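# Chain and residue survey
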Amino acid sequence: MSEKKICLGKIVGVHGIRGEFKVKSFTAIDKDIANYGELEDKNAQRKFCLKVTGHSKDLLRVKIKGIDDRTTAESLIGTELYAPRGVLPEVITDDVFYETDLVGLKVFDDKKNEVAKVIGFYNFGAGDILEIKLKTGKTEMIPFNKTYVPEINLDESYIIVASTGMVFLEDDEDA
């Protein structure tokens, strides 16, 4: 199995005519995106060596080695920049997680019955959301907070979803 990758940022525009990019960084300190070594696109087809050159409003200005013209730079707009999970620092608190560490976990109800699997993690602006795939094949989204997800066990690869988060299971049985 290949190592999980983490999306650290996304190329959202270009700056000037010499191949500089505007990058939205997803790292805690935006300029740290360049500290994780060579990054790659989602399919590992292209590799990128980044150098932060400044800021442009709330975005980073970045130079990528080997790209020196605006036309080439424009062709990369929309590219997400990934690093292997192993280059990121280990999380040292119990309530902070990398999204990629949650995807793939088994989902148990309060009675420890396996009911689903985590297949996605999102934040559309109103809070974190887990997407889970039920054993029936149906997918559901639930809030990712202590009320709905009171227990996360990365060592044993599971989460517990409280009965308040399992109302949709009752509806499934009637269908």
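Residues numbered from 1 in each chain as written. Predicted model: local features only at pLDDT ≥ 70, side-chain atom pairs only at ≥ 80, totals over all residues. Heavy atoms only, no water.

## Some points on the overall build of the chain
In terms of regular secondary structure, the chain is built from three helices and 13 strands. Judged by the C-alpha coordinates and their principal axes, the chain covers about 60 × 35 × 30 Å. Here the chain, with 175 residues, has 38% of them falling under the buried criterion. For the chain, contacts bridging at least 24 residues in sequence account for 50% of all contacts bridging at least 6. Accessible area of the chain: about 10,700 Å², with a carbon and sulfur share of 49%. Of note, the chain has its 25 positive side-chain charges centred 9 Å away from the centre of its 31 negative side-chain charges. (Helix = DSSP H or I, 4+ residues; strand = E, 2+ residues; numbered from the N terminus. Buried < 20%, exposed > 50% of the residue type's maximum accessible area, 1.4 Å probe, protein only. Contact = heavy atoms within 4.5 Å. Areas by Shrake-Rupley, 256 points an atom, 1.4 Å probe, with all protein chains shown as cover. Lys, Arg positive; Asp, Glu negative; His and termini not counted. Charge placed at Lys NZ, Arg CZ, Asp CG, Glu CD.)

## Side note on the nonpolar core
Leu8, Phe21, Ile33, Leu39, Leu50, Ile64 and Leu81 are the most contacted members of the largest nonpolar core, which totals 21 residues. Of all the elements in the fold, those that place two or more residues in this core are β1 (5-15), β2 (20-25), β6 (59-64) and β7 (80-84). Looking at which element gives the most residues to this core, the answer is β1, with four residues. Filtering out sequence-adjacent residues up to four positions away, Leu81 remains in contact with Ile6, Cys7, Leu8, Gly9, Ile11, Val23, Ile33, Leu39, Glu40, Phe48 and Leu50. Counting 15 residues, the second-largest nonpolar core is a separate cluster that includes Leu105, Ile142, Val149 and Val161. (Core = buried A, V, L, I, M, F, W, Y, C linked by side-chain atoms within 4.5 Å.)

## Overview of the state of the cysteines
Enumeration over the complete set of coordinates arrives at zero disulfides. The cysteine Cys7 is free of any disulfide, with Cys49 supplying the nearest cysteine sulfur at 18 Å. On the basis of relative accessible area, Cys7 is assigned to the partly exposed category, the value being 22%. (Disulfide = S-S within 2.5 Å.)

On their own, these measurements won't tell you what the molecule is for.
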